[in-house]
Amino acid sequence: MVIEVVVLTGAGISAESGLATFRGDDGLWENHRVEDVATPEAFVRDPELVQRFYNQRRQQLLNPEIAPNPAHVALAELQRAKPGKVFIVTQNIDDLHERAGAEVRHMHGELLNIRCMACVQIQRTSHDVDETTQCSYCGVQGQMRPDIVWFGEMPYFMGEIEHALAQAEQFVAIGTSGLVYPAAGFVAQAKDYGARCVEINLEPTAVSSIFDQGYYGAASEEVPRWVETLL
C-alpha cells in the first residue's frame, strides 16, 4: 500500500488534553535541566532523579482526566477512512493517539514502556519504577530504564519514516516547533520528494515559510478542519 499522507505530531497536539509540554519557555523540563533528566549520562549519574521525573510524568498521563482531544480523534478517523495510506509519527511519548484509535510510530519512545538494559526487552508498565523493579523477561533487578529516546540517542523508526516521506503526496506537521532534529528536517525531505506540506500550529513557527499552507489556532479546531479537506 502506498502512503498518501505523512503526519508528524508534537507536544502541541497533547497540550489541549491537559498534558504539559516538558520544555518550558525557560528551557527547563518541569524545573529540571535537560542534562539532568533526559540524557544517558544523567541516568548513570542520578538514576533516582530520572526515574522520579518519568514516574511523575507517567502518573500524570494515567490521570482519568487526561483523554484524547478532537485533534487525536480526527487523525484516527482519517486513518480509518484511508486504510494503509496515512502514516502518523509522533514526537510525543503519551498514548493519546492510540486511545483515539490511531496507529502511530513513537520516534522518541513511550512513557508507558520500560526497557531492560540487561536483556534489551521492552515491557509495559503503569507503575512507578525504581532500583527494585525487576525485568519480567530475564528477572534481573535494577536494570529497567524509561523507554525514552534521550538526547544523544537515535530516534526509533527512522528507516520506516524515511520510506513514508519518500512516498507521501502530503506532509503535515501538527503542534511541533520545527526546531528539534531529526523531526525538524522532515518537511525539507518531504518537499524534496515532491509532497505538499502543511503546518498546523497555534501560531507560525520559525520554519513556516517552508510550508505550502498553514492552519493557525487550537489543534482541536484546526486538525479536524484540515482532515475535512481530505475526506
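Shown above is the structure to which this text applies.
Model, not experiment: these values are computed from the prediction.

Asks: Quick question: what am I supposed to make of the overall build of the protein here?
Replies: A count of helices and strands for the protein gives nine helices and nine strands. For the protein, the C-alpha radius of gyration of 18 Å lies close to 17 Å, the compact-globule estimate for 231 residues. A principal-axis box enclosing the C-alpha atoms of the protein has dimensions of 50 × 40 × 35 Å. A total of 231 residues make up the protein; the buried ones form 50% of that total. Of the contacts made within the protein by residues no fewer than 6 positions apart, 64% connect residues no fewer than 24 positions apart. With the model as given, the accessible surface of the protein reaches about 11,000 Å², and the carbon-plus-sulfur share is 50%. Taking the 17 positively charged and 32 negatively charged side chains of the protein as two groups, their mean positions are separated by 3 Å.

Asks: I would appreciate a short explanation of the sheet that holds strand β9 (residues 213-216) in the present structure.
Replies: The strands that make up a sheet pair up through hydrogen bonds in the backbone, lying either parallel or antiparallel. Spatial ordering of the open sheet is given by β3-β2-β1-β7-β8-β9, a layout of six strands whose pairing is parallel. The outermost strands of the open sheet, each flanked by one partner alone, are β3 (104-106) and β9. This sheet shows a mean twist of 15 degrees between the axes of neighbouring strands, independent of strand direction. By the bridge criterion, five bridges tie strand β1 (residues 5-9) to strand β7 (residues 170-174) in an arrangement that is parallel. Bridging from a neighbouring strand, V6 pairs with F171 of β7. Against the sheet, helix α5 (residues 70-81) touches β1, β2 (86-90) and β7, its axis set at about 145 degrees to β2.

Asks: Is there a simple way to think about the packing of aromatic side chains in this case?
Replies: The geometry of an aromatic ring pair is captured by the separation of the ring centres together with the interplanar angle, meaning the angle of the planes. Considering all chains together, one arrives at four aromatic pairs under this definition. With centroids separated by 5.6 Å and ring planes inclined at 40 degrees, the aromatic side chains of F43 and W150 adopt a geometry described as tilted. On the criterion of sequence distance, the pair formed by F43 in helix α3 (residues 40-45) and W150 in the loop between β6 (144-148) and α7 (158-167) is long-range, its members being 107 residues apart. Residue class for W150 comes out buried when judged on its relative accessible area of 3%. Considering the side-chain rings of Y54 and W150, the 6.2 Å spacing of their centres and the 45 degrees angle between planes classify their relative orientation as tilted. Of this pair, Y54 sits in helix α4 (residues 47-61) while W150 sits in the loop between β6 and α7, and the two are 96 residues apart along the sequence.

Criteria and cut-off values
- Residues numbered from 1 in each chain as written.
- Predicted model: local features only at pLDDT ≥ 70, side-chain atom pairs only at ≥ 80, totals over all residues.
- Heavy atoms only, no water.
- Helix = DSSP H or I, 4+ residues; strand = E, 2+ residues; numbered from the N terminus.
- Rg over C-alpha atoms; globule rule 2.2 N^0.38 Å.
- Buried < 20%, exposed > 50% of the residue type's maximum accessible area, 1.4 Å probe, protein only.
- Contact = heavy atoms within 4.5 Å.
- Areas by Shrake-Rupley, 256 points an atom, 1.4 Å probe, with all protein chains shown as cover.
- Lys, Arg positive; Asp, Glu negative; His and termini not counted.
- Charge placed at Lys NZ, Arg CZ, Asp CG, Glu CD.
- Pairing = 2+ DSSP bridges.
- Axes fitted to C-alpha atoms, helices over the stretch in contact; angles between N-to-C directions.
- Phe/Tyr/Trp six-rings, centres within 6.5 Å; stacked < 30°, edge-to-face > 60°.

Everything listed is a geometric property; what it means functionally is a separate question.
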